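Remarks on the overall topology
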Amino acid sequence: MALRLWASSTANALRISVASTAHHSPSCSLSRCFSTVVEGLKYASSHEWVKHEGPVATIGITDHAQDHLGEVVFVDLPEPAGSVGQGKSFGAVESVKATSDINSPISGEIVEVNTKLSETPGLINKSPYEEGWMIKVKPSNPSELESLLGPKEYTKFCEEEESH
């Protein structure tokens, strides 16, 4: 913990950012306790992410969210063919620390649910942006994506949230 605080304050003072060469080439901000923010995704202030590709958008919780939750032990997700509304809860994540609602960053029809999470909820901790995705949605109002945060704005939002 002391190392994390030292690294965080040092990175903040020096305004250091580290680029990783992982699959999505995420940008890591040391001042955000080493959480990863991925370029090319959109983020909600409630800590969910959206990856919009063609007619489908993939949704999950951010690395920042899973880090704060701790070890995820159970995930409650909806059935396919249902619908979600922007800012509305579509499920819950239970960790060793707490249970948290998952809100959809966009509205649309659920076309797929990550069934692997019922057997292996820890995928959310291990790989929140890849294997730990939660639902895939056919957006009903693609312009809602414009109201979400980009990677830089989300990083700044998290840094400000952490400082309070």
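Remember, predicted model here, so these are calculated numbers, not experimental data.

Let's shift gears to the sheet that holds strand E12 (residues 135–139). Taken in spatial order, the six strands make up an open sheet running E4-E5-E6-E12-E11-E8, and their pairing is antiparallel. The strands lining the two open edges of the sheet, one partner per strand, are strand E4 (42–43) and strand E8 (83–84). The pairing of E4 with strand E5 (residues 48–53) spans two bridges and is classified as antiparallel. Considered in E5, the bridge of Lys 42 is made with Val 50.

Right, let's talk about the side chain of Thr 62 for a bit. Among the secondary structure elements, Thr 62 is positioned in the loop between strand E6 (56–61) and helix H2 (63–69). Here Ala 65 takes part through its backbone nitrogen, which lies 3.1 Å from a polar atom of the side chain of Thr 62.

Turning next to the sheet that holds strand E9 (residues 89–95). What the three strands build is an open sheet, ordered E7-E9-E10; its pairing is antiparallel. Strands at the two margins of the open sheet, each flanked by one partner only, are strand E7 (72–76) and strand E10 (99–103). On average, adjacent strands in this sheet sit at an angle of 25° to one another, irrespective of strand direction. As paired elements, E7 and E9 share four bridges and run antiparallel to each other. Directly across from Val 72, in E9, lies its bridge partner Ser 95.

Before going further, it helps to spend a moment on the pairing of strand E11 (residues 108–113). Sheet analysis places E8 next to E11, joined by two bridges and oriented antiparallel. Bridging from a neighbouring strand, Ser 83 pairs with Glu 109 of E11. Sheet topology places E11 next to E12; five bridges connect them, and they run antiparallel. When the bridges of E12 are listed, Glu 112 appears paired with Lys 136.

Basis of the calculations
- Residues numbered from 1 in each chain as written.
- Predicted model: local features only at pLDDT ≥ 70, side-chain atom pairs only at ≥ 80, totals over all residues.
- Heavy atoms only, no water.
- Pairing = 2+ DSSP bridges.
- Helix = DSSP H or I, 4+ residues; strand = E, 2+ residues; numbered from the N terminus.
- Polar contact = N/O pair within 3.5 Å; in protein donor to acceptor, adjacent residues only side chain to side chain.
- Axes fitted to C-alpha atoms, helices over the stretch in contact; angles between N-to-C directions.

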